[in-house]
Amino acid sequence: MARIVSRALPFASRPSLCLLRPPPLPGAALLRSAAAAPPPLPPAASLLSWRGLTGAPEPSLAAPPPFAGFLSGIRGFRKARRGPAAAKRSQPQDAAPPPPPPPPPKESEIELIARIGVEEDMPDDDEVLNIVEILKLNVPMAMKIALDGLVDSNYSTRDTSISDVGKYDKVEVSVLLCNDNFIQNLSKEWRDEDCTTDMLSMSQHIPDLDVPILMLGDIVISVETAARQAEEKGVTLLDEVRVLVVRGILHLLGFNHETSDEAAMEMEKEEHLILKSLRWKGKGLAKGAHDSSKLQPDSLDGQVTDSQKRAVTLRFYRPKFKYIFCDMDGTLLNSKSQITARNAEALREARSRGVNIVIATGKARPAVIDALSTADLSGKTGIVSESSPGVFLQGLLVYGSEGRQIYKRNLDQEVCREALLYSLEHKIPLVAFSQDHCYSMFDHPLVDSLHYIYHEPKAKIVPSVDQLLGTAEIQKVLFLETPEGILSALRPYWAKAIEGRAHVVQAQPDMLELVPPATSKGNGVQILLNHLSISPDEVMAIGDGENDIEMLQLASLGVALANGSEKTKAVANVIGATNDEDGVAQAIYEYAF
């Protein structure tokens, strides 16, 4: 009689995953000798039993041993165990003992070998690594029941090229856990289908090849897609992976639910039997497909569209960059000067995967803290606080480790005086920025909008130019005017009036800033990188305005949003979506991992 024993081995590329039972010799895990296969057994008997349990007493329901739950559901198991006991009970008490039975034929072992691995570019994820350890036991269990069904069941749709496993010494299968990118590339190469799917099964079996090892093949599972499907179905990731393992094994054994409705029903029935026998949670083909069709109208048969890809989690990808420098107005904030839920979630996920998010903006630091507080992204546990690094006021204020100021540059006082007098004379509102404070010469709705809409500190009204200049050091001044007024009058005038003494910057169509010469966010970012000993090769930058040009050029990857200026988009490596289309989130999902 042939009986089956199980082993679970890791992939050689993941040496950190231990062998469940070490091989006798290095490199010889698959080549242990076994006795020759006996003649075929009667159809009623199961070929498959677990080492150490075949002749053991019936397990107690009060204290079941390991795997007792699924053993009781294996077809043929109880029937084979019940026969000798029933014969013994039927003998009369005074009857002569029967002659001893002839010795049973020597058993040969059919060894199940399951290799479980994680694709090498996947980051270490505690839940995935735990699933790997569980699958070392689970995969042989599922193989055992699936192979057992080949002996005493008839199938009308299955490819029966694999049927008599009794002639093999070993049955081997591998399971690889990966992310969407890996399985999409594999699907394109192997099936010529450029799409993401939850599972691929690739057979290695060659019919009529007379070898002692049955190489079933490889099962590749995207845990990224499985995680989405698990959430939609209301099960755990382990539950969904187990279902996909069972489905993969059945595919390798010749089941194919895509050929016909009858084949789908037959495979679903077999899948349900295995899941039920193992007492595993999860929904089979029909139920799972029905649920997915309601929850994912744009997905089909486990495939995931580009709009769904990586929209939920980044946990299955290694980050390409250590730092992401991100602009605020027109970039992280939408047209209403608000951060959207999707942008906030992308920042949180990137940060949870070890990416440092640094704000580089023309805003004052209090404005950034206030704008991001609505999404719980400010404060000690957020991405910006008074103790975090950042680049503010167009790079004129830079804060390093522990939020300490490492750079400050002021605007020439004479330029400040000229701008303040111009504001008073032409009644064009102007705001002067001095670190965490704002000042203006008179009340105006546009000055108020800078606080109530753009989150800047509320401007203090100082009617005297001399009093203002004597009160604070000014880093920059900002005129508020219509886009037409700035384009036709303000910008031409000030570009000429301050030539060589200051520089004109326009981050927003209705705002014109005067800053010290050679000022740029890129310069501020470079100062911070030097302070943190970070190379630009480790940086991704996202922006939209002309004041972001130097920053995008400095970074290893510069992303300009589609709503940005043409000059900015011309220097960017890639163009993202607009700030009203969650452009920052899309850039992080698409390029940062």
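This text follows the structure it describes.
Residues numbered from 1 in each chain as written. Predicted model: local features only at pLDDT ≥ 70, side-chain atom pairs only at ≥ 80, totals over all residues. Heavy atoms only, no water.

Caption draft 1: Summary view of the sheet that holds strand β15 (residues 503-508). Within the open sheet, the 6 strands sit side by side as β13-β12-β11-β14-β16-β15. Their pairing is mixed. Whereas interior strands pair on both sides, the edge strands pair on one side only; in this sheet they are β13 (460-461) and β15. As defined by bridge partners, β15 adjoins strand β16 (residues 511-515) across 4 bridges and the pair is classed as antiparallel. When the sheet's bridge partners are listed, V505 is paired in β16 with E513. Together, β11 (430-434), β14 (476-480) and β16 form the strand contacts of helix α12 (residues 413-426), whose direction differs from that of β14 by roughly 20°. Packing against the sheet, helix α15 (residues 483-497) makes contact with β14, β15 and β16, and its axis sits at approximately 5° to β16. (Pairing = 2+ DSSP bridges. Helix = DSSP H or I, 4+ residues; strand = E, 2+ residues; numbered from the N terminus. Contact = heavy atoms within 4.5 Å. Axes fitted to C-alpha atoms, helices over the stretch in contact; angles between N-to-C directions.)

Caption draft 2: Examining unusual backbone geometry more closely. Residue S337 is not a glycine yet carries a positive backbone phi of 60°. Position of S337 among the secondary structure elements: in the loop between α9 (328-332) and α10 (341-352). Under the relative-accessibility criterion, S337 is labelled buried at 4%. At D582, a residue that is not glycine, the phi angle is positive and equals roughly 55°. Checked against the element boundaries, D582 lands in the loop between β19 (574-576) and α19 (583-592). Classification of D582 as buried rests on a relative accessible area of 17%. (Buried < 20%, exposed > 50% of the residue type's maximum accessible area, 1.4 Å probe, protein only.)

Caption draft 3: Representation of the packing of α10 against α19. Packing of α10 against α19 leaves a shortest axis separation of 7 Å and a crossing angle of 35°. In terms of crossing hand, the pair formed by α10 and α19 is left-handed. Between α10, through R342, N343, E345, A346, L347 and A350, and α19, the contact on the second element is made entirely by G583, V584, A585, Q586, I588 and Y589. In terms of residue class, the contact of α10 with α19 is built from 7 nonpolar, 3 polar and 2 charged. (Left-handed = near helix turned anticlockwise from the far one by under 90°. Nonpolar A, V, L, I, M, F, W, Y, C, P; charged D, E, K, R; others polar.)

Caption draft 4: Molecular detail of the packing of aromatic side chains. If you walk through the whole model with that rule in mind, you get 8 aromatic pairs. Where Y155 meets F255, the ring centres are 5.0 Å apart and the plane angle is 85°; that geometry is what we call edge-to-face. You can see Y155 sitting in the loop between α3 (126-152) and β3 (170-178) and its partner F255 sitting in the loop between α6 (237-252) and α7 (261-278), a full 100 residues away along the chain. Side by side, Y155 and F255 carry an identical accessibility label, which is buried. Geometrically, the ring pair formed by Y422 and W494 is edge-to-face, given 5.3 Å between the ring centres and 70° between the ring planes. Pair noted here: Y422 is in helix α12 and W494 is in helix α15, with a separation of 72 residues, a long-range link. Among the residues examined, Y422 registers a relative accessible area of 12% and is labelled buried. Residue class for W494 comes out buried when judged on its relative accessible area of 1%. Ring pairs connect the aromatic residues Y422, F479, Y493 and W494, which therefore count as one cluster. (Phe/Tyr/Trp six-rings, centres within 6.5 Å; stacked < 30°, edge-to-face > 60°.)

So yeah, pure geometry; function would need other evidence.
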